[in-house]
Amino acid sequence: QVQLVESGGGLVQAGGSLTLSCATSGRTFSRYAMGWFRQAPGKEREFVSAITWSDGTTLYRDSVKGRFTITRVNAKNTVYLQMNSLKSEDTAIYYCAATPSGWVRNPVEYNYWGQGTQVTVSS
């Protein structure tokens, strides 16, 4: 079965760092973009970052540019999101997802989703 499993979330003080991992199995996502989304209580799920498997092109929402870095390790079938200089507004459940679409900012384009990992940033 196709699975995406997030890990690495936790509680961190503002200004701190966390690295999230997304382990994939059951399918080779070589023709899929991989994305990170997040959802805070009472808010819509929003795009955070995405990366292609083919050439490693990356995209970020404006509010995380310069602070977050998305990477992949193909040998481990894993995607990472390194989060630095965390702010309280980064608090959310973070989801890993995969899409064959080029419209990677839209969550409805994604076919596979993980269960999420909680990131809480305290001030």
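As a reminder, the structure under discussion sits directly above these lines.
A short tour of the structure in this document, coming up. (Residues numbered from 1 in each chain as written. Predicted model: local features only at pLDDT ≥ 70, side-chain atom pairs only at ≥ 80, totals over all residues. Heavy atoms only, no water.)

## Examining the nonpolar core
Counting 27 residues, the largest nonpolar core has Met34, Trp36, Phe68, Val79, Leu81, Met83 and Tyr94 as the members making the most contacts within it. Contributing elements (two or more residues each) for this core: β3 (18-25), β4 (33-39), β5 (46-52), β7 (68-73), β8 (78-83), β9 (92-99) and β11 (117-122). With 4 residues, the top contributor of residues to this core is β9. Beyond its immediate stretch of four places on either side in the chain, Met34 contacts Leu4, Thr24, Phe29, Ser49, Ala50, Ile51, Trp53, Ile70, Val79, Cys96, Ala97 and Ala98. The next biggest cluster of nonpolar side chains, apart from the first, holds 7 residues, and it includes Phe37, Phe47, Ala50 and Ala97. (Core = buried A, V, L, I, M, F, W, Y, C linked by side-chain atoms within 4.5 Å. Buried < 20%, exposed > 50% of the residue type's maximum accessible area, 1.4 Å probe, protein only. Helix = DSSP H or I, 4+ residues; strand = E, 2+ residues; numbered from the N terminus. Contact = heavy atoms within 4.5 Å.)

## Structural notes on the packing of aromatic side chains
Tallying each qualifying case throughout the model produces 8 aromatic pairs. Aromatic pair Phe29 and Tyr32: ring centres 5.2 Å apart, planes at 85 degrees, arrangement edge-to-face. No difference in accessibility class separates Phe29 from Tyr32, as the two residues are buried. Aromatic pair Phe29 and Tyr112: ring centres 5.8 Å apart, planes at 75 degrees, arrangement edge-to-face. One end of the pair, Phe29, is in the loop between β3 and β4; the other, Tyr112, is in strand β10 (residues 112-113), and 83 residues separate them in sequence. For Tyr112, a relative accessible area of 22% puts it in the partly exposed group. Members of the aromatic cluster, each reached through a chain of ring pairs, are Phe37, Phe47, Tyr95, Tyr110 and Trp113. (Phe/Tyr/Trp six-rings, centres within 6.5 Å; stacked < 30°, edge-to-face > 60°.)

## Thoughts on the sheet that holds β3
Read across the open sheet, the 4 strands follow the order β1-β3-β8-β7; overall the sheet is antiparallel. The sheet terminates laterally at β1 (3-7) and β7, the two strands that pair on one side only. Direction aside, neighbouring strands of the sheet carry axes that sit 15 degrees apart on average. In terms of strand pairing, β1 meets β3 through 5 bridges, oriented antiparallel. Within β3, the position partnered with Val5 by the bridge is Ala23. (Pairing = 2+ DSSP bridges. Axes fitted to C-alpha atoms, helices over the stretch in contact; angles between N-to-C directions.)

## Let's talk about the state of the cysteines
As used here, a disulfide is simply a covalent bond connecting the sulfur atoms of two cysteines. In this structure the tally under the stated criterion is 1 disulfide. A sulfur-sulfur distance of 1.9 Å marks the disulfide that ties Cys22 to Cys96. Sign of the S-S torsion, about -80 degrees for the bond between Cys22 and Cys96, identifies this disulfide as left-handed. Of this pair, Cys22 sits in strand β3 while Cys96 sits in strand β9, and the two are 74 residues apart along the sequence. Cys96 carries the same exposure label as Cys22, and that label is buried. (Disulfide = S-S within 2.5 Å.)

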